[in-house]
Amino acid sequence: MDFGLSEEQEMIVETVRAFVETEIYPHENEVERTGIVPPELGREIQRKCIDLGFYACNFPEEVGGAGLDHVTFTLVERELGRGSLGLTVFFGRPSGILLACEGEQRERYLLPAVRGEKIDALAITEPDAGSDMRGMKCAARRDGGDFVLNGTKHFISHADVADFVIVFAATGEEETPKGVKKKITAFLVDRGTPGFEILKGYDSVSHRGYHNCTLSFTDCRIPEAQVLGEVHRGFDIANQWLYGTRLTVAATCVGRARRVFEMALPYAAERRQFGKPIGANQGVSFKLADMITEIDAAEWLTLAAAWRIDVGLSADRQIASAKLYASEMLARVTDEAIQIFGGMGLMDDLPLARFWRDARVERIWDGTSEIQRHIISRDLLRPLGA
């Protein structure tokens, strides 16, 4: 394992960090205040990303992406993690699951998404089905050459700006060693399809400007040609996609934690109390030591998991470990940074309170901390027959 970055990787990191600092940071306070990203601003960020050649950098070159390896893409996500998610979503990393598109689907969904002509969103979670994906009630039944979809999805990120949604729905049942489970199928559903509504979601304490939506399907007719992958095999492609997004969560947590640390360190050196910098006190200096140690550890866990994918090694447990540790690390680092700043850390004049609130959701979405611990422990115990 090579712990150094190549010249190209260093250049990519510098370019993306500069983009975030010049194109994202200046708009963060207003987005935080209003909870809205003006459509023209989102399009401007998207256009500048396309001009840089970074749009859909997570996709292979043969479909028009930059073809970055997993380590390099993880570095990109780390840098994007420094900025407001409501704004960086327009940097453009379409769902990797779109690589399952075949035939006409490639022209209608995959390639427009890679070119930035269409934005996708993923719809899995329901009011009664979160971690238990196979418990979903949103269902699609066959009707001739179509499927008719009924049900509700919620917590669907950025569906308000999406042109189409990748919807997972139950299409049957099967016997498993753990009892009867739903068979799941993925569908490509266009905004504006009769019977499909995108509704305002919940007001969230985390990531203001990055909206969640509720999706309603009432006798929504979907041609079989819009099945993504194979009928009844949606669970497989969803799991494959989720591992990639968990690595993204880990990387963005590392980036955000570094930004927080880079605020706390100079403040501890400059802020004086009782005639000396507060960083001269072990109560503060030890906090800094713990913070940077945890940040570095989370980063190496994350990059090591990405490296395993690149060299063809199994990485499910390592990705779960990275997501678990990095998301919980971010909570501790943001909390300690506020403690170092004292009362000012909670004021709107600084972004620390925002980072603190944003950190809370990272332990929930894309698989809760409990789900990650389940994946890790199962990987350890199954070979032993437990």
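Look up a bit, the structure's there.
Residues numbered from 1 in each chain as written. Predicted model: local features only at pLDDT ≥ 70, side-chain atom pairs only at ≥ 80, totals over all residues. Heavy atoms only, no water.

1. Examining the overall build of the chain
We apply this condition: To qualify as a helix, a DSSP run of H or I must reach at least 4 residues; to qualify as a strand, a run of E must reach at least 2; elements of each kind are numbered from the N terminus. The reference for a compact globule is 2.2 Å times residues^0.38; the radius of gyration itself is calculated from the C-alpha atoms. Three exposure classes are used, based on accessible area relative to the maximum for each residue type with a 1.4 Å probe and protein chains only: buried under 20%, partly exposed in between, and exposed over 50%. Should any heavy atoms of two residues lie within 4.5 Å, those residues are considered in contact. In this charge count, Lys and Arg are treated as positive and Asp and Glu as negative; neither His nor the chain ends contribute. In plain terms, the charge of a residue is placed at NZ if it is Lys, CZ if Arg, CG if Asp and CD if Glu.
Within the chain, the regular secondary structure consists of 10 helices and 10 strands. Against the compact-globule benchmark of 21 Å for 386 residues, the chain has a radius of gyration of 22 Å, which places it among compact chains. For the chain, the residues scored as buried account for 49% of the 386 residues in total. Once local pairs closer than 6 in sequence are excluded, the contacts in the chain between residues at least 24 apart make up 75%. Side-chain charges of the chain comprise 45 positive and 58 negative groups, with the mean position of each set lying 5 Å from the other.

2. Side note on the side chain of Arg 82
In plain terms, the rule: Counting of polar contacts relies on pairs of N or O atoms within 3.5 Å, with two restrictions inside protein: one atom must be capable of donating a hydrogen and the other of accepting it, and residues adjacent in sequence are counted only when both atoms are side-chain atoms.
You can see Arg 82 is positioned in the loop between helix H3 (70-80) and helix H4 (85-88). Residue Arg 82 is classed as buried on the basis of its relative accessible area, which comes to 3%. One polar contact links Arg 82 to Glu 262, side chain to side chain, over a distance of 3.0 Å. When sequence neighbours within four positions are dropped, the list of residues in contact with Arg 82 reads Arg 17, Val 20, Tyr 25, Glu 28, Gly 255, Arg 256, Arg 258, Arg 259 and Glu 262.

3. Some points on the pattern of salt bridges
The condition is simple: A pair is scored as a salt bridge if a Lys or Arg side-chain nitrogen falls within 4 Å of a carboxyl oxygen belonging to Asp or Glu.
Per the counting criterion, the structure on display carries 30 salt bridges. In this structure, Arg 142 engages Glu 224 in a salt bridge whose closest nitrogen and oxygen atoms are separated by 3.1 Å. Placement of the pair is Arg 142 in strand S2 (residues 139-143) and Glu 224 in the loop between strand S7 (212-223) and strand S8 (227-228), with a sequence separation of 82 residues. Accessibility expressed as a relative area gives 46% for Arg 142, which makes it partly exposed. The residue Arg 221 makes a salt bridge to Asp 143 at a minimum N-O spacing of 2.7 Å. Here Arg 221, found in strand S7, pairs with Asp 143, found in strand S2; they are 78 residues apart in sequence, far enough to count as distant. Judged by relative accessible area, Asp 143 falls into the partly exposed class, the value being 31%. Salt bridges linked by common partners bring Arg 17, Arg 78, Glu 79, Arg 82, Arg 258, Glu 262, Asp 296 and Glu 299 together as one network.

4. Here's the deal with the packing of H3 against helix H7 (residues 282-310)
Test applied: Angles here are taken between N-to-C directions and fall from 0 to 180 degrees, while the axes themselves are lines fitted to C-alpha atoms, restricted in helices to the stretch in contact. The sense of a crossing depends on the near helix, which, turned anticlockwise from the far helix by less than a right angle, makes the crossing left-handed and, turned clockwise, makes it right-handed. Asp, Glu, Lys and Arg are counted as charged, while Ala, Val, Leu, Ile, Met, Phe, Trp, Tyr, Cys and Pro are counted as nonpolar; the rest, among them Gly, fall into the polar class.
At a closest axis distance of 8 Å, the pairing of H3 and H7 adopts a crossing angle of 145°. The two elements H3 and H7 cross, and the hand of that crossing is right-handed. Contacts between H3 and H7 involve His 70, Val 71, Thr 74, Leu 75 and Arg 78 from the former and Glu 299, Thr 302, Leu 303, Ala 306, Trp 307, Ile 309 and Asp 310 from the latter. Among the residues making up the contact of H3 with H7, the classes are represented as 6 nonpolar, 3 polar and 3 charged.

5. Comments concerning the pairing of strand S5 (residues 179-190)
To keep things clear, this is the line we draw: What makes two strands pair is DSSP finding at least two bridges between them.
Sheet topology places strand S4 (residues 164-176) next to S5; 12 bridges connect them, and they run antiparallel. Across the sheet, the residue bridging to Ala 169 is Thr 185, located in S5. The turn linking S4 back onto S5 is made up of 2 residues. Note: S5 against S8, 2 bridges, orientation antiparallel. Paired with Phe 187 across the strands is Val 227, a residue of S8.

6. Some thoughts on the environment of Glu 7
For Glu 7, the position within the fold is in helix H1 (residues 7-34). A C-alpha to C-alpha distance of 35 Å links Glu 7 and Glu 107, two positions 100 residues apart in sequence.

7. Some thoughts on the packing of helix H8 (residues 316-341) against helix H10 (residues 369-381)
Where H8 contacts H10, the two axes come as close as 9 Å, and the packing angle between them is 145°. Crossing hand, H8 versus H10: left-handed. Residues Asp 316, Arg 317, Ala 320, Ser 321, Lys 323, Leu 324, Ser 327 and Glu 328 of H8 form the contact with H10, whose own contacting residues are Ser 369, Gln 372, Arg 373, Ile 375, Ile 376, Asp 379 and Leu 380. Each residue belonging to the contact of H8 with H10 can be placed in one class, and the counts come to 5 nonpolar, 4 polar and 6 charged.

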